[in-house]
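Understanding the architecture of this molecule
The lines below spell out each chain.
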Amino acid sequence: MQFYQDQVQEVLAQVNQVILGKEKEIEEMMLALLANGHILLEDVPGVGKTTLALAFSKTMELDYKRVQFTPDVMPSDLTGFSIYRREEEKFVYQPGSIFCNLLLADEINRTSPKTQSALLEVMEERKVTVDGVTREVNSPFLVIATQNPFGSAGTQYLPEAQVDRFMVSMTLGYPDFESELSMAMSIGETERLDLVRPVLGRKELQEMQREIHNVYIKEELYRYMLQLVTATRNNPYIEKGASPRATIALVKMSRAAAWLKGRNYVIPEDVYSQFPYVIAHRIVPGMAAKMEKLSKVQLTEMISKEIAKPPMGEAD
C-alpha cells in the first residue's frame, strides 16, 4: 500500500511541475482517477486543461486521445463504424476515439446532444455496440470533459441527468500572480510537458483502484453520507437535489481520499472534503438561490455545515 501511495505522490509532483499553483485541484483529479471516475472541468480557455490531461497520461503511461467537440462531430467518430472492404468482401470495424485509456473531451458543450449522449453512454457502460456487436472499451477508461461557461453561442449544455455521469466537477481558474510569473519566467526552448516522466503503468493504476475498494467505512459514516445527499433534496434553495448515483460517487471518493492519506478506513473529514466536488454539478439551484446569488459551491458548503459530522475517532 505504501509503495503505491509513494508512486501517486510522485505522479502529483510530476504534474504539479507542469501546472503551477493548482495542487488541490490536481490532487482532486488524481482521486477521481483512482476512484475510476470521470471528471468535468467547467473553465475558461487557456488555463491548462489539455496540458493537465496530457501530463496525467504521460506519468501513468495511459493511451491518450483528445477530441475537439464541434457541431459536426458525429457519434460514430467516437464509437467507431464499419466500412466495406472490397478486397475482403466484408465490412470491417474501424474503432473510434473512445478506444483509449484517457479521453479529453474538449468543449463537450459545442457538439450535438446525440454525440454527447453517445459519449456519456460509453462512460457509464464502458462498452460500445456498433452493428449489433458489443465491444468493451480499454481498461481503465477515464474521461476528462471540459465546458466553457462563457460564450453560449452555438453550444448545447449537458442536461442535468447527463452531467450526473461525472463523478466530480471542478474549476481550475486562473493561476495566482506568483505561479503565473514563474510560468512566464520559465518559458524557453524546453516545454514543461517534456520534463514529465512515466511513474507508473496502467496495471499499477488498476491495482490501486482495486485496493481502494477495500478501504473500510463504518455504518455511521454511510449514514452521514446519505444525510448529506438527502439534504440536497430537501433544501429550500435547491430545485433539484442529487441522485443516488451521487451517494455512490461520494463513497468511492471518500475511500480514495482516505487511501491517499495512508489509511485503510474513512473518517468524517474525508467525506466532508469530497462532498462539494461530488455534489455541486448534480444540483439545480432554485429561484431563491438565484435571487440571493448563491452559487452551487456555496449551497454545498451550507449543507456541509448544517449536517453534523458523526463523533468518532480516527481509529474507530
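Only a predicted model underlies this, so the values are computations on that prediction, with no experimental measurement involved. (Residues numbered from 1 in each chain as written. Predicted model: local features only at pLDDT ≥ 70, side-chain atom pairs only at ≥ 80, totals over all residues. Heavy atoms only, no water.)

Before going further, it helps to examine the overall build of the chain. Within the chain, the secondary structure is distributed over 13 helices and eleven strands. Scaling as 2.2 N^0.38, a compact globule of 316 residues should have a C-alpha radius of gyration of about 20 Å, and the chain matches this with 20 Å. Counting over 316 residues, the chain shows a buried share of 52%. Sequence separation of at least 24 residues holds for 78% of the intrachain contacts in the chain that already meet a minimum separation of 6. When the accessible surface of the chain is totalled, it reaches about 15400 Å², and 52% of it is carbon and sulfur. (Helix = DSSP H or I, 4+ residues; strand = E, 2+ residues; numbered from the N terminus. Rg over C-alpha atoms; globule rule 2.2 N^0.38 Å. Buried < 20%, exposed > 50% of the residue type's maximum accessible area, 1.4 Å probe, protein only. Contact = heavy atoms within 4.5 Å. Areas by Shrake-Rupley, 256 points an atom, 1.4 Å probe, with all protein chains shown as cover.)

Turning next to the sheet that holds strand 9 (residues 168-170). Spatially, 2-5-8-1-9 is the arrangement adopted by the five strands of the open sheet, whose pairing is parallel. Unpaired on one side and paired on the other, strand 2 (64-68) and strand 9 mark the two borders of the sheet. Looking at each pair of strands side by side, their axes are set apart by 15 degrees on average, direction ignored. (Pairing = 2+ DSSP bridges. Axes fitted to C-alpha atoms, helices over the stretch in contact; angles between N-to-C directions.)

Attention now goes to the pairing of strand 3 (residues 81-85). Bridge analysis of strand 3 against strand 4 (residues 90-94) gives five bridges, and the strand direction is antiparallel. When the bridges of strand 4 are listed, F81 appears paired with Q94. Here strand 3 hands over to strand 4 after four residues, with E89 in that stretch at a positive phi of 55 degrees.

Before going further, it helps to examine the nonpolar core. The biggest cluster of nonpolar side chains holds 73 residues, and the ones touching the most others in it are M30, I39, F56, M60, V168 and W259. The leading source of residues in this core is helix 10 (residues 244-260), at ten residues. Membership of the second largest hydrophobic core comes to 25 residues, among which are V67, I98, C100 and V128. (Core = buried A, V, L, I, M, F, W, Y, C linked by side-chain atoms within 4.5 Å.)

Turning our eyes to something else, we now look at helix 13 (residues 296-306). Within helix 13, the full set of buried residues consists of L299, T300, I303 and S304. Seen end-on, helix 13 carries its buried residues on one side only, within an arc spanning 140 degrees. Pointing more than 90 degrees away from the buried face of helix 13 are the exposed residues K305 and E306. Tucked into the core, helix 13 has its buried residues touching helix 9 (219-234), strand 10 (238-240), helix 11 (268-279), strand 11 (284-285) and helix 12 (287-291). (Arc of directions from axis to C-beta.)

Geometric descriptors of this kind do not, in isolation, establish any biological role.
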